[in-house]
Amino acid sequence: MTDLRRQLLRQMEAIRQRLDPKVLDRARWAAFGKVPYDRDEARQAVSLFLDSRDDGGVFRAKLEDALRKEGETLDLPAPSPPSADSGGPSGPHPLKPRRTGRIT
């Protein structure tokens, strides 16, 4: 091996040691054309989706039951109670009525 090649390999190794392991994993997946995802961000997205539903937690309970049957668990934080400032249908500002008929 030439000295330049050894020097380049040492530099590459030094860079790899300074990088976050998550970044390396994402780069490996991207090299194979796969899209990596962050579990924490996915968990947060599912939690926000379930919290935004207006069914009183029925869908969340169905999801938890289905996951239990498959042997998995839904390890999301407990649903937060809706606040009065949320601006939703039960918030201080009611929804605007929809217009019907022909508008000229």
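Residues numbered from 1 in each chain as written. Predicted model: local features only at pLDDT ≥ 70, side-chain atom pairs only at ≥ 80, totals over all residues. Heavy atoms only, no water.

Caption draft 1: Representation of the overall build of the protein chain. In terms of regular secondary structure, the protein chain is built from four helices and zero strands. Mapped in sequence order, the helices and strands of the protein chain form the string α-α-α-α. The long-range fraction of contacts in the protein chain, counting pairs at least 24 apart against all pairs at least 6 apart in sequence, stands at 31%. Here the protein chain displays about 9900 Å² of accessible surface, and carbon together with sulfur accounts for 55% of that area. (Helix = DSSP H or I, 4+ residues; strand = E, 2+ residues; numbered from the N terminus. Contact = heavy atoms within 4.5 Å. Areas by Shrake-Rupley, 256 points an atom, 1.4 Å probe, with all protein chains shown as cover.)

Caption draft 2: Representation of the pattern of salt bridges within the structure. Applying the stated criterion across every chain, the model contains six salt bridges. Notably, a salt bridge pairs R60 with D51, separated by 3.9 Å at the nearest N-O pair. For the salt bridge of R68 with E64, the shortest nitrogen-to-oxygen distance reads 4.0 Å. With R68 and E64 both in helix α4 (residues 58-70), this residue pair falls four residues apart, about one helical turn. Under the relative-accessibility criterion, R68 is labelled exposed at 54%. In this structure, a network of salt bridges that share partners links the residues D51, R60, E64, D65 and R68. (Salt bridge = Lys/Arg side-chain N within 4 Å of Asp/Glu carboxyl O. Buried < 20%, exposed > 50% of the residue type's maximum accessible area, 1.4 Å probe, protein only.)

Caption draft 3: Quick peek at a nonpolar patch on the surface. A contiguous nonpolar surface patch, about 250 Å² in accessible area, is contributed by L8, L9 and M12. For L8, the position within the fold is in helix α1 (residues 3-18). (Patch = residues over 30% accessible without salt bridge, like charges linked within 9 Å, V, L, I, M, F, W, Y side chains within 5 Å.)

Caption draft 4: Structural detail: α4. Given a rise of 1.5 Å per residue, 13 residues ought to cover 18 Å, and the 19 Å separating the end C-alpha atoms of α4 matches this to within 8%. Phi for G71, located one or two positions after α4, is positive at around 90°. (Expected span 1.5 Å × (residues − 1).)

Caption draft 5: Molecular detail of the packing of helix α3 (residues 39-52) against α4. Between α3 and α4, the least distance of the axes is 8 Å, while the angle of their chain directions is 135°. Considered as vectors, α3 and α4 are oriented oblique to each other. Between α3 and α4, the contacting residues are F49, L50 and D51 on the first element and F59, R60 and L63 on the second. Across the contact of α3 with α4, the residue classes break down as four nonpolar, no polar and two charged. (Axes fitted to C-alpha atoms, helices over the stretch in contact; angles between N-to-C directions. Parallel < 35°, antiparallel > 145°, perpendicular 65-115°, else oblique. Nonpolar A, V, L, I, M, F, W, Y, C, P; charged D, E, K, R; others polar.)

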